[in-house]
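Examining the three-dimensional arrangement
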Amino acid sequence: MNIATLQPEVWTLITNSLRKDRLGHAYLFEGERGTGKQEMALRMAQLIFCNQSNISEADCSCLECQRISSNNHPNVYSISPDGQSIKKEQIKFLQEEFQKKSIESGQKLYIINQADKMTASAANSLLKYLEEPFENTYIILLTSSIHQLLPTIISRCQVVSFRPLSKAEVIHQLIETGISSSKANLLANMTNSVEDARQLSQDEWFSEALGIVVRIFKTLHPNRKTGGSEIKNSEIATASMIVIQEDWIGHFKDRQQASQGLDILLYLFKGLLAKRLGNDENNALKGFEIDDEIAFGFSEMKLAEKLTRILEAKSKLQANTNQQLLLEQLVIRLQ
């Protein structure tokens, strides 16, 4: 991930601060998951400790940079939640490290991942450092939920906001990791976090879920023929019901999983509408063995109605609605 390209404003802010020797003692990197906060924190560490003289671009090949990349630098510390939270003992450990002399140089950098997960006692302990910082000691807090942090912590940090990645940027990053363009398009429609998308792409549950939704989608093909005659609506409904009863219900066990399934179905119908409108830039249906010519079996108005039906189902899913009944009603309305 080229973090300087993905977050140019943040990159410029940090490199300018280093160049002018105006680096703050505490930073709060806030933004959605997958926007590069962790990557930027590590690049900032490399800029601080790199042996090269060019501040605007750390060498990344020197020993200092390599040790930071491998999480093996003696003066760069990183902590994450222990279980569900960051505990007071973890912050106390950092405070003890603050007071020790650096092994190799006079600078130290501390990174606190998911800082919003600090317990109240941990957050209050951290305030002591923020109020009385040590010389040549820097701390970076990372969070995707800034509103969950104490106002007193926020006020003592330089807040740096990371902009959400565009869909095109997420797709590009995923393709660079070896994910097919069709699957990258799907994942980018489900999340704008590269990290979450990568996890989904490697998740066996998600791969099976994708197959189930594609099977339901294919049963809804209005022009599918067998034995030379067009399939009747009743036969389409029966085929869809079988997939729901035999596959969907056993696989999508809770509302969150069912919502993801509906997101996939929504994406496939969006692909049909894009094809119908002549907007095939990302070729949404490619790779899923779906005949994209079926798009022309629907009018644009009909496809828009189908998208509305799926969105309505997603909304009802959040209420105490029976999932199987909801899905059965949906496929009938999607014929």
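Below you will find a few notes about this structure. Every value quoted in this text rests on a predicted model; they were computed, and no experiment measured them.

Here we take up the packing of aromatic side chains. Tallied over the full model, the rule gives seven aromatic pairs. An angle of 65° between the planes, with centres 6.4 Å apart, marks the rings of tyrosine 27 and phenylalanine 29 as edge-to-face. Of the two residues examined, tyrosine 27 and phenylalanine 29, each falls in the buried class. Look at phenylalanine 217 and phenylalanine 269: their rings are 5.0 Å apart centre to centre, the planes differ by 70°, and that puts the pair in the edge-to-face class.

The next thing to look at is the layout of surface pockets. Considered as a void within the structure, the largest pocket measures approximately 460 Å³ in volume. Arg33, Lys37, Gln38, Gln114 and Glu195 are, among the 20 residues lining the largest pocket, the residues nearest its centre. Every element with two or more residues in the lining of the largest pocket is listed here: α3 (37–49), β4 (137–143) and α10 (194–201). Of the residues contributing to the lining of the largest pocket, the split by class is three nonpolar, nine polar and eight charged.

Compared with an ideal rise of 1.5 Å per residue, which puts twelve residues at 16 Å, helix α5 (residues 88–99) spans 17 Å between its outermost C-alpha atoms and is within 8% of the ideal. On the buried face of α5, the contacting elements are β2 (76–79), β3 (108–112), α6 (120–131) and β4.

Glancing now at the pattern of salt bridges. A full pass over the atoms with the stated rule returns nine salt bridges. Glutamate 64 is paired through a salt bridge with arginine 67; the nearest N and O atoms lie 3.0 Å apart. Note that glutamate 64 and arginine 67 are positioned in helix α4 (residues 63–69) at a spacing of three residues, about one turn of the helix. The exposure class assigned to arginine 67 is buried, which follows from its relative accessible area of 16%. Between arginine 215 and aspartate 247 there is a salt bridge, and its shortest N-O distance comes to 3.5 Å. Here arginine 215 is found in helix α11 (residues 204–219), whereas its partner aspartate 247 is found in helix α12 (residues 233–251), with 32 residues between them in sequence. On the basis of relative accessible area, arginine 215 is assigned to the partly exposed category, the value being 39%.

Calculation rules
- Residues numbered from 1 in each chain as written.
- Predicted model: local features only at pLDDT ≥ 70, side-chain atom pairs only at ≥ 80, totals over all residues.
- Heavy atoms only, no water.
- Phe/Tyr/Trp six-rings, centres within 6.5 Å; stacked < 30°, edge-to-face > 60°.
- Buried < 20%, exposed > 50% of the residue type's maximum accessible area, 1.4 Å probe, protein only.
- 1 Å grid on protein atoms, 1.4 Å probe; cavity = no way out; pocket = protein on both sides within 12 Å on 5 of 7 lines; lining within 4 Å.
- Points joined across faces, edges and corners; volume = space filled by probe spheres on them.
- Helix = DSSP H or I, 4+ residues; strand = E, 2+ residues; numbered from the N terminus.
- Nonpolar A, V, L, I, M, F, W, Y, C, P; charged D, E, K, R; others polar.
- Expected span 1.5 Å × (residues − 1).
- Contact = heavy atoms within 4.5 Å.
- Salt bridge = Lys/Arg side-chain N within 4 Å of Asp/Glu carboxyl O.

Structural measurements only, silent on function.
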